[in-house]
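Residues per chain, in single letters:
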Amino acid sequence: MSTLAIIMVSSSALLLNKGVEKEPLIVKNEKDCVFMTTFGEQSSDGYAKYKIKENIQPVVNDGLAWLASAQLENGGYGAGSHNRQGEMNPHAVNADPATTSMAAMAILRSGSTLKTGEYKEELNKAVDFLLNQVESVSKDDVFITSEKGTQIQSKLGNNIDAVLTAQFFSNLLKEQLDGKTKKRVQKGLDICVDKIQQATDKDGKMKGAGWAGVLQSGLATSALESAESVGATLDEVVIRSQKNYLKNNYDEESKSVKTTDGAGIILYSVSNSARGSAKDARKAKELITKAKKEGKLKKDDKVTVANLQNIGISESEAIAYTSSYNVYNASKQTAQQNDVMSGFGNNGGEEFLSFLQTGESMIVNDDSDWMTWYDNISGRLMKIQNEDGSWNGHHCITSPVFCTATSLLILSIENDIENLKQTGED
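K.L.:
Describe the packing of helix 3 (residues 97-109) against helix 6 (residues 160-172), listing the residues and the values that go with them.
P.N.:
One way to put it is that helix 3 packs onto helix 6 with a least axis distance of 8 Å and a crossing angle of 25°. With respect to helix 6, the element helix 3 is oriented roughly parallel. The handedness of the crossing between helix 3 and helix 6 comes out as left-handed. Residues Pro 97, Ala 98, Ser 101, Met 102, Ala 104, Met 105 and Leu 108 of helix 3 touch helix 6, and the partners they reach there are Ile 160, Asp 161, Leu 164, Thr 165, Gln 167, Phe 168, Asn 171 and Leu 172. Taken together, the residues that form the contact of helix 3 with helix 6 break down as 10 nonpolar, 4 polar and 1 charged.

K.L.:
Give me the packing of aromatic side chains: which residues, what numbers.
P.N.:
This structure, assessed with the given rule, holds 3 aromatic pairs. For the pair Phe 168 and Phe 169, a centre-to-centre distance of 6.1 Å together with 40° between the ring planes defines the contact as tilted. Exposure class is identical for Phe 168 and Phe 169. Each is buried. With a centroid separation of 6.1 Å and an interplanar angle of 50°, the aromatic rings of Trp 373 and Tyr 374 are classed as tilted. For the pair formed by Trp 373 and Tyr 374, the shared burial category is buried. Aromatic ring contacts, followed pair by pair, group Trp 370, Trp 373 and Tyr 374 into a single cluster.

K.L.:
So what's going on with helix 4 (residues 120-135)? Which residues, and what values?
P.N.:
A rise of 1.5 Å per residue sets the reference length of helix 4, with its 16 residues, at 22 Å; its end C-alpha atoms lie 22 Å apart and thus fit the reference within 8%. Regarding helix 4, the residues found buried are Glu 122, Leu 123, Ala 126, Val 127, Phe 129, Leu 130, Leu 131, Gln 133 and Val 134.

K.L.:
Outline the environment of Glu 387, supporting the account with residue identities and numerical values.
P.N.:
Relative to the helices and strands, Glu 387 resides in the loop between helix 15 (370-384) and helix 16 (400-411). A sequence separation of 324 residues divides Glu 387 from Gly 63, and the C-alpha atoms of the two residues are 10.0 Å apart.

K.L.:
With reference to specific residues and values, describe the pattern of salt bridges.
P.N.:
This model, assessed by the stated rule, comprises 7 salt bridges. Among the salt bridges present, the one from Lys 296 reaches Glu 294, with a minimum N-O distance of 3.3 Å. We classify Glu 294 as partly exposed; its relative accessible area is 43%. Within this structure, Arg 109, Glu 360 and Asp 416 form a network of salt bridges that share partners.

K.L.:
Mind laying out the side chain of Gln 385, listing which residues take part and the relevant values?
P.N.:
Within the element layout of this structure, Gln 385 appears in the loop between helix 15 and helix 16. Among the polar contacts made by the side chain of Gln 385, one reaches the main-chain carbonyl oxygen of Val 59 at a distance of 3.1 Å. At 2.9 Å, the side chain of Gln 385 and the backbone oxygen of Gly 389 are in polar contact.

K.L.:
How would you explain the confidence of the model for the protein if you had to name every residue and give the values?
P.N.:
Fine structural detail should not be taken from predicted coordinates in areas where pLDDT scores are low. Averaged over the protein, the pLDDT score is 77; the fraction of residues at 70 or greater is 71%. Contacts from residues 1-50, a stretch scored under 50 in pLDDT, to residues over four places away or in other chains number 110 contacts. The model gives residues 256-268 a pLDDT under 50, and that stretch makes 44 contacts with residues more than four places away or in other chains.

K.L.:
Go over helix 6, please, and point to the residues and values.
P.N.:
For helix 6, with 13 residues, the first-to-last C-alpha span of 18 Å sits near the 18 Å given by 1.5 Å per residue. Within helix 6, 13 of the 13 residues are buried, which leaves it mostly tucked inside the rest of the structure.

The rules behind these values
Residues numbered from 1 in each chain as written. Predicted model: local features only at pLDDT ≥ 70, side-chain atom pairs only at ≥ 80, totals over all residues. Heavy atoms only, no water. Axes fitted to C-alpha atoms, helices over the stretch in contact; angles between N-to-C directions. Helix = DSSP H or I, 4+ residues; strand = E, 2+ residues; numbered from the N terminus. Parallel < 35°, antiparallel > 145°, perpendicular 65-115°, else oblique. Left-handed = near helix turned anticlockwise from the far one by under 90°. Contact = heavy atoms within 4.5 Å. Nonpolar A, V, L, I, M, F, W, Y, C, P; charged D, E, K, R; others polar. Phe/Tyr/Trp six-rings, centres within 6.5 Å; stacked < 30°, edge-to-face > 60°. Buried < 20%, exposed > 50% of the residue type's maximum accessible area, 1.4 Å probe, protein only. Expected span 1.5 Å × (residues − 1). Salt bridge = Lys/Arg side-chain N within 4 Å of Asp/Glu carboxyl O. Polar contact = N/O pair within 3.5 Å; in protein donor to acceptor, adjacent residues only side chain to side chain. pLDDT = per-residue confidence, 0-100.

In structure tokens, the structure reads:
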């Protein structure tokens, strides 16, 4: 794993104090969620100083220890019911596939595998839970779980369990698995991919959208791209319609953001516009770079429809690639603006996910700007971690299990750079 410039900060910087700026948990309703997110009380400016190399691992270790203690007897993890958002006890809720997948991905990204690592036992139990869950459904079942009304489903969408489970199975298939386990995981991934594609409407939007359904659609596109990178067969019509839907949430001409499916929140829409356009934006950039090296374009030539056509790309593809490139760059910049990011320290799991989507989209695009994103977000996460090692939301997705898993995925993202870049390759 490479050592990044972003962790090279002065040894005289302030040491982490996890007791700073703690606030009591206040669960907000949907109306209050919009207010808190749009007019948040805190900015991310200045938090990079907390991201000190020697303090990152202890923060991750505390989070992993708490996450391991939150696992249920059946191997699963739960976020709890939408109707009981104030429930912070991870053992007082039922397991659900979406939350279990997030927790398992956090453990996997943090360095444990099915065979090695401090949390291999917890990871194996989570895998067994998810495989048993997926294998128990029939082809006619719309969902992969009978658990209904979870925080994750209510906020992100009814099909989020299949989406996040597919993402985890794809990640797991990049590890060294024994023959039997690999076969089961591949079959489970195919089932989830089928559910996701069946649940995508003609406009590219996932059916059964929750309060912030654009996040479900963005995560679905991520999951399908990851599945394709490990050999899954996709319906190209579905994946293209999904990307167009996400891309169209940002108008590149007017610079306006469509937030209809994002609960009125700019962050939710732009982070997923960036994610949905990342792979094609990278393709556009690589085509132009290659053409310059071959002498077909001048050194200062940009990604434009005309330039792409000049190097042999069809007009329709040139238009699509250029649009993705422009939407990606505008969206990622908007997603990191202070007024969009503000309130992160007092927001819910949707914000944690949005920041994760923004960062992963940059790495998929092979965009070095992800380092700036990581510098600020990791600093923020380090400062708002609870004393017991967990993180929780203050509205909507309040679940400490879900928020802790997402935070760990952000903090340990450096471990997954090669896998994420692979997702962005043709």
